[in-house]
Amino acid sequence: MSAGTESSPKNMSGDAKSSEQAANNVKKTISDKNNENTRADTVIKVKKTIPRKKQDLLKWYGWGYKDSMFTLNGDAAYFTGQRYAIGEKPLPHLKQWAYDNFRLVGDTQPKVPEPPTSFPESRLPGNVRQELEKIAPVSVEGMDRLIRAHGQTLKDISCLRGNSFPRIPDAVVWPDSHGQVEQIVQCASRHRFVIIPFGGGTSVSGAITCPVKEKRPIVVLDTSEMNSILWLDKEQLLARVQAGIVGQDLEREMRARGFTVGHEPDSYEFSTLGGWVATRASGMKKNTYGNIEDLVVQTKMVTPRGVIEKSCRVPRISCGPEWEHVIMGSEGCFGVVTEVTIKIRPLPPVTRYGSLVFPDWESGFYFEWEVARQRLQPSSIRLMDNEQFRFGQALKTESSWGGVLLEGLKRLYITRIKGFDPTKLCVVTLLMEGTAEQVDEREKKLNSIAAQFGGVPAGAGNGERGYTLTFVIAYLRDVGMDYDVVAESFETSVPWDRTLSLCRNVKRRVREECEKRNIAHHLISCRLTQTYDAGCCIYFYFAHNTAQCTDPVATYEEIEEAARNEIIASGGSISHHHGVGKLRKKWYTDTVSEPGRLLLLAAKKALDPDNIFGVGNMVFGEDGGEDTLVKSKL
Amino acid sequence: MTKKTLIKMSETSKFIDILEPRKGECGVFRFMSKAWYPKRTQTLDKINTPQDIKDAAAASLYMEAIIEAESSKTGASKESLRQEVLQHIEEIALDKKMHVIRWTGIVALKVAFKMNIGIYVNEPAVLKVKSTMGNNPVLFLPTHRSYADFCILTYLCYHYDIELPAVAAGTDFYSMAVIGQLLREMCAFYIRRTLAGAPLYAATLKQYVRTLVAKHAAPIEFFLEGTRSRSNKSLPPKYGMLSMSLMPLFARELADVTVVPVNISYDRLMEQRPYAYELLGVPKPKETTKGLIKWISSLNGHFGNMYINFGDPISVQEYLKQIPYSDESLKPIELQTLSPEQFSQVQDVADYVVGQQQANSVATISNLLALVLMESLMTQRALPYEEVLVEVERMIKVLRSLGATVFEDDVRKNVDRVLVVQDKSWTLDKDRRLRIISSEVIDVTDELKNKMKGHTLKAETMVNAIPIIQVQMYVNPMLHYLVPSALISVIVQRGPHTRDELARHYRRLRKLLRHEFFHTEKTEEKTFQDAFEYCVSNDVVGVCGEQVSVGGSEGARLRALLARAVWPALTSLLLCADVCTELQTIEQNQALKLVQKRAESGPYHPYCLSLDSATHCLQGLVLAGALTREKQ
Ligand SMILES: Cc1cc2nc3c(=O)[nH]c(=O)nc-3n(C[C@H](O)[C@H](O)[C@H](O)COP(=O)(O)OP(=O)(O)OC[C@H]3O[C@@H](n4cnc5c(N)ncnc54)[C@H](O)[C@@H]3O)c2cc1C
């Protein structure tokens, strides 16, 4: 206790105003205390898999964990590390497959890049940095900035490996609460710097990549410290979760308590809840659990104009347009999603895999459609084309199914599916969840529909393999790049009636574009990954050997653009779940119509008039306005 | 109803001795064994037993969420945490055994008769509260001056056929053999004094109280002041229990909660001597069942009356008018907690209720006599009996003019009665002059010295101070009537002031004394207004144009009375200020010791030795910004 110096207590004549303030302070500390004690006590702190220094655990120059990658320069190909089922086992068929498709000979040393040592100066003024540091931890270290300068597009990875980004963020800040985000956004409004909300950095649309021409300092707001479960309601099956939680952490915590969110995009090991909301993500098991828009009950977003959130937690509302859908898909352009209330489900007692083999793509397709028509989709149902089927075989470990590729195929052919052409057959993989009876019944029904389209069951093992490979496939691109093969995927949604022609047209177009450029060794393949009442999602993989190309990335991008034009001409969409970002800006306005574009601009003006969130996706350019307008004036 | 037991005070006040009809042997037994159909506080689809309430609290979503969070934080297994919660609930929860209540009632009535107690209840006020019951939970919030407070409302409710209240009690009772269990079976539930460092306990208590309020069909009773006020005047309220109790309303689990301020006043506090010692820093002995029995068996004699007054029931919903929106409402209802705005509303309600407790206090002859006695002590003139009566009459007038409810029908008879009740403290000497009886010399042993909280006072100091402090204890409950006018009078005595200056000084002093003389900030404007008008119309101050100065001779006696009313507190404040200015930085305990030491060495009012007052004054200095508090 100490005597105040200004006001002498003896004559009891302190300055009236300052004592008023002191009284307020007392009241405030009382209520703050109340706040802390009573409002935070149901928070579940979640252990983070991925550390703040991501580069300690994750590959800085590509995808995934450091210890997990394909290696080709041995007797047999391997996948390193024990994290995935195929880990540390020889992959005897992979090298042959790579050679057949890309003339890739894995005997040379892979071209793994060295981590860069010099980085652009941070443009963030010292005083602003100090102000930020008072709110939350800040870093201006080059590596921290570099690994948050990009997503996972081919161009991103290529720039990363060559340390050739035209622009990287000037600082990274790690708030751990909604309150801190509010302060950071206010700070940005005061000092006019740009904020890019950064989740897992798995974006494949360029959405997270720094806008090249941005003159203001760019601060990446990394949400990864906001990863607590704020509350869990096991009765109503709801959870309030901070938006930075990573998919695998969220799922692990829920499973430990007998629940699941069931949202599993293929990137869910690294992507975040906030990222899912901001990109309108779609998970593998959407048939049971729904896409992100079905899972989200409520979101809270900090915009420069304040916090936007519905004032009630209700299952549905009729109250004009649903602003939840303005937040969803906002791609970091309006504000930071800080908290999300999501649905959770009890863990299903039984999870069973299955697979069906069809003589060709068409019969598999009609099977999928029929299943959708009857609304009998299990948690996941996917149809792979023949190229993917074969690639799947190439990834077999010796111990699993035995024998070389063709032998395996022959055995299948002879013993079970006589009459199927091994260069045409397609596989459907199934993931079924529920009680034992529900699963049995569903499986029976699916088998009987399959029979109508000439399909035969091919066992649970094949199905399971398909799903476990899901997470490994993403690692292929890195090994490809080590040996001058580029690979990328792109996806679309399309009505049922146009699906077959779309797939055909796109494949043909890609082949033609390759031929035009003398690219002899390439692969274009597709699968049907989601089905709806009114259509499905088609996912293309495209890879080619870059030996002939002077600028492999540019070449790839030209071909992808041609493919997207073909998609749109064939009745498909700009994207089913990857989003617009910067890659697909070109097709945005035509997709949503002119008034739709104006609406988006109006939302921007309402929520972020100073373009603090100047990441520049969709119609937004670096001045916060629209790119197209600027272009047409030129 | 005989004249003896009925005193009409106003249209809505009619104090009746509810023990009167029980006098006589079989009256007690028949009454305590009667078939009893109480009025409930709320109509619920299902009457919840004490066990139902425990189960509901334990199985709540909130406890589940707490266990999840705690387990993720500490790594403790959920099962062991669940067990811990169940143990806490067992420690906290009330039980209800009607036969225990009935038998205890019989014993208690016997003791009451031995003590010659009267329980005067403002019947119309109680009936009014009763008539509004039935729609939502009701909180009884009595003043806390004595251990007797614990059972008195339970008896009152039995008498008026109101469901027996669930009474919050400190765990010092819980640990007493037999008594702890006995009280529990009479609907007491237990709360620890401190929740710090025991998050799981704190959460369990919160949930239990919340469930109790929402699901129990009986009144919930607790003491806003948190502890027995040793000084016999209002303490600033504690907000924890009220926060927990109002949570179901803020979460809109309920449409309303009714709050009933209750004032319980005593002719004689059973604990007056230990209190006086405690105020000086001599700690109270730990409660034990043995001690209690010994104490009860010493309770022969005349303990006088207690007076229970119920304030108007307050609809919290109406009082708050608007409960601000909080994003807490986005949480599951059971997980919602108070937002900071809501918490300040709880503070507002609590402060208001304490104000209402004061407004419903009853000025008894003990209080009046104490005022007279204190004046004679200060002027060092023992008053002859007849003069005492005149002076008491004068005090009645003064207090009534200040808005007090005075319990008085026949001054002479009541003064006589109180002199019997207080015969160990106050007496008429052989010349029939009113005097205090000096207390027996106490032996200041080394052991006692070690235990003393404050400065080690001399035995002589204590002997002299104790009887006067005991008088002050009965003056204290009257002070809230006098203090506003007294401060105006004291300020003006330092020289003429403009009205604005006066108001400013008044406000500052009120703030400095906010803990010593608790009052609600909200109504201060009006309080000042009223006090000022009172001072003007009673010639305490005179107004000439802009200037306010000391009034004429007509107001002289009143001025003296008013000055004496605030003198001990102002002196304590000054001593605190002196000590802190000299030392700049000091530990609170050290400051208290120094203040006490100074008070002992100077020519001050003995009440300035009170550690309570010194603590309150230091808090006041912090509140006013003159001191800052640093956590160590
Ligand atoms: C191998 C691989 C597989 C993939 N599989 C799928 C799939 O199956 N389904 C699918 O839908 N997508 C998939 N994606 C795409 C990507 O994972 C999703 O777009 C994902 O939702 C991005 O989340 P993120 O946390 O990584 O966000 P980031 O990449 O960090 O950011 C993406 C965008 O969201 C914004 N953003 C991020 N967090 C916030 C926030 N809290 N508030 C506001 N804006 C924010 C960013 O500014 C940026 O514009 C895949 C990507 C890869 C590389």
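Per chain, the residues get numbers from 1 upward, laid out in the order the sequence is written. Here the convention is simple: chains get letters from A, ligands get numbers from 1, in the order in which they are written. A pLDDT threshold of at least 70 governs which residues receive local features in this predicted model, and a stricter bar of 80 or more applies before side-chain atom pairs are shown or counted, although totals over entire chains, interfaces and linings include all residues. To obtain the side-chain values, all non-hydrogen atoms of the structure were used and water was disregarded.

A. Main features of empty space enclosed by the protein. All names here are of chain A. Think of a 1 Å grid over just the protein atoms. A cavity is a set of points where a 1.4 Å probe fits yet cannot get out, a pocket is an open set with protein on both sides within 12 Å along at least five of seven lines, and lining residues have an atom within 4 Å of a point. Grid points are joined across faces, edges and corners, and a volume is the space filled by probe spheres set on the points. Tallied over the entire structure, the rule returns 11 cavities of 30 Å³ or more. In terms of lining, the second largest cavity is formed by 16 residues, of which the most central are Leu58, Lys59, Gly62, Gln152 and Gly200. Classification used: nonpolar for Ala, Val, Leu, Ile, Met, Phe, Trp, Tyr, Cys and Pro, charged for Asp, Glu, Lys and Arg, polar for all others including Gly. A per-class count over the lining of the second largest cavity returns six nonpolar, eight polar and two charged.

B. How the structure looks around the nonpolar core. Grouped together as the largest cluster of nonpolar side chains are 146 residues, with contacts concentrated most on B:Ile119, B:Ile308, B:Phe310, B:Val392, B:Leu399, B:Trp426 and B:Ile488. Numbered from the N terminus, helices here are DSSP runs of H or I no shorter than four residues, and strands are runs of E no shorter than two. The dominant element in this core, judged by the number of residues it contributes, is helix H24 (residues 556-583) of chain B, at 12 residues. Between two residues, a contact is recorded if the distance between any of their heavy atoms is within 4.5 Å. Apart from the residues within four sequence positions on either side, B:Ile119 is in contact with B:Ile16, B:Asp17, B:Ile18, B:Leu19, B:Ile152, B:Tyr155, B:Met306 and B:Ile308. Among buried residues, the Ala, Val, Leu, Ile, Met, Phe, Trp, Tyr and Cys ones that are joined through side-chain atoms within 4.5 Å form a nonpolar core. Under the scheme applied here, a residue whose accessible area is under 20% of the maximum for its type counts as buried, over 50% as exposed, and between as partly exposed, the area being computed with a 1.4 Å probe on protein chains only. One finds A:Phe198, A:Val261, A:Leu600 and B:Ala69 within the second-largest nonpolar core, a separate group that totals 86 residues.

C. Inspection of the pattern of salt bridges at higher detail. Any Lys or Arg side-chain nitrogen located within 4 Å of an Asp or Glu carboxyl oxygen qualifies as a salt bridge. For the coordinates displayed, the defined rule picks out 87 salt bridges over all chains. In this structure, A:Asp484 and A:Lys111 form a salt bridge, with 2.8 Å as the shortest nitrogen-oxygen distance. Taken together, the positions of A:Asp484 in the loop between helix H18 (476-482) and strand E20 (485-495) and A:Lys111 in the loop between helix H2 (94-102) and helix H3 (126-135) put the pair 373 residues apart, joining distant regions of the chain. Here A:Lys111 falls in the partly exposed class, since its relative accessible area comes to 48%. One salt-bridge network, held together by shared partners, links A:Lys234, A:Asp249, A:Arg252, A:Glu253, A:Arg257, B:Glu64, B:Glu68, B:Lys78, B:Glu79 and B:Arg82.

D. Structural context of the confidence of the model for chain B. All names here are of chain B. For chain B, per-residue confidence averages 90 on the pLDDT scale, and residues scoring 70 or more make up 97% of the total. pLDDT expresses, on a scale from 0 to 100, how confident the predictor is about each individual residue. Considering only residues more than four positions removed or in separate chains, one finds that residues 1-10, a stretch of pLDDT under 50, has 21 contacts. Reported for the predicted complex are a pTM of 0.87 and an ipTM of 0.81.

E. Fine view of the domain arrangement of chain A. Residues and elements named next belong to chain A. Reported domain spans reflect what an automatic or database domain assignment gives. Examined at the domain level, chain A breaks down into domain 1 (126-225), domain 2 (229-346), domain 3 (350-473) and domain 4 (585-633). Taken over C-alpha atoms, the centre of domain 1 sits 21 Å from the centre of domain 4. Contacts between domain 1 and domain 4 engage 17 residues on the former and eight residues on the latter. A 1.4 Å probe defines the accessible area here, and the buried area is the portion of it lost by two parts on being joined, summed over both. Buried surface at the junction of domain 1 and domain 4, both sides included, amounts to about 1000 Å², of which 53% is carbon and sulfur. Connecting domain 1 to domain 4 are one salt bridge. Note that arginine 192 and aspartate 610 form a salt bridge whose closest N and O atoms lie 3.5 Å from each other. N or O atoms within 3.5 Å of each other form a polar contact, as long as, within protein, one can give a hydrogen and the other can take it, and as long as residues adjacent in sequence are counted only when both atoms are side-chain atoms. In this structure, the connection of domain 1 to domain 4 is made through four residue pairs in polar contact (both at pLDDT 80 or more). With four residues, the top contributor of residues to the side of domain 1 that touches domain 4 is strand E7 (residues 194-198).

F. Structural detail: the site of the ligand. Residues and elements named next belong to chain A. In the neighbourhood of the ligand, 34 residues make up the surrounding shell, with Pro197, Thr202, Ser267, Thr272 and Ser282 lying closest. Proline 197 is positioned with one of its backbone polar atoms (N or O) 2.6 Å from an oxygen atom of the ligand. Take aspartate 266: an N or O atom from its main chain is 2.8 Å from an oxygen atom of the ligand. Contact with the protein chains removes 96% of the 960 Å² of surface that the ligand exposes when unbound. Considering every element that reaches the shell around the ligand, the biggest residue donor is helix H8 (residues 273-279), with five residues. Counted by class, the shell around the ligand contains 13 nonpolar, 19 polar and two charged residues. Built from parts of two domains, the shell around the ligand gets at least three residues from each of domain 1 (126-225) and domain 2 (229-346). Each residue is tested against the molecule or strand, and it is near if at least one of its non-hydrogen atoms lies within 4 Å. Shrake-Rupley sampling with a 1.4 Å probe provides the accessible areas, and residues are treated as covered by the protein chains on show and by no other component.

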